[in-house]
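These are the residues of each chain, in order.
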Amino acid sequence: MEPPSRFRSLPEFCPECGSVLPRPGPPSTVRCPRCSFSLRSADFQGCPLRTSLTFAAPGWGRGAGPAPQEGPTVDRSCPRCAHVGMWFHTRQMRSADEGQTVFYTCPRCR
């Protein structure tokens, strides 16, 4: 049996270090991933479980999205109309350890 906690907190936080506790599951104890403080799963009986689910807008993540109406310009020629000078914007499409993707928009033909 673990010693009593140092202070009282909300049930979803560790009473020792304040970290977010994992959801109670099949094991009989819930162990804090940071400080290893453990609580009995039965201590969570009757506690409300709040979750939320947010859906992205339709089409989010496909392509570059709406083209910017203005923005920084780079000296690059458009492959369609050969106009020199294109707007660009960047977007993080993959994980943070990979570079951003650069999207170019021609102000003449879009």
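Located above this text is the structure these notes cover.
Now for a description of the structure that goes with this document. Since we're looking at a predicted model, the values are computed, not measured.

Definitions and cut-offs
- Residues numbered from 1 in each chain as written.
- Predicted model: local features only at pLDDT ≥ 70, side-chain atom pairs only at ≥ 80, totals over all residues.
- Heavy atoms only, no water.
- Helix = DSSP H or I, 4+ residues; strand = E, 2+ residues; numbered from the N terminus.
- Buried < 20%, exposed > 50% of the residue type's maximum accessible area, 1.4 Å probe, protein only.
- Areas by Shrake-Rupley, 256 points an atom, 1.4 Å probe, with all protein chains shown as cover.
- Patch = residues over 30% accessible without salt bridge, like charges linked within 9 Å, V, L, I, M, F, W, Y side chains within 5 Å.
- Salt bridge = Lys/Arg side-chain N within 4 Å of Asp/Glu carboxyl O.
- Pairing = 2+ DSSP bridges.

**Observations regarding the overall build of the protein chain**
When its secondary structure is counted, the protein chain shows zero helices and five strands. Seen in sequence order, the protein chain has helices and strands lined up from the N terminus as β-β-β-β-β. Taking all 110 residues of the protein chain together, the buried fraction comes to 18%. As displayed, the protein chain offers around 8,900 Å² of accessible surface, 54% of which is attributable to carbon and sulfur atoms.

**What about a nonpolar patch on the surface?**
A contiguous nonpolar surface patch, about 270 Å² in accessible area, is contributed by Leu10, Phe13 and Val20. Mapped onto the elements of the fold, Leu10 is located in the segment before strand E1 (29-31).

**Some points on the pairing of strand E3 (residues 73-77)**
Note that E3 and strand E4 (residues 84-91) share three bridges and pair antiparallel. Counterpart to Ser77 in the pairing with E4 is Val84. From the end of E3 to the start of E4, which pair antiparallel, there are six residues, and Ala82 there has a positive phi angle of about 65°.

These figures capture arrangement, not role.
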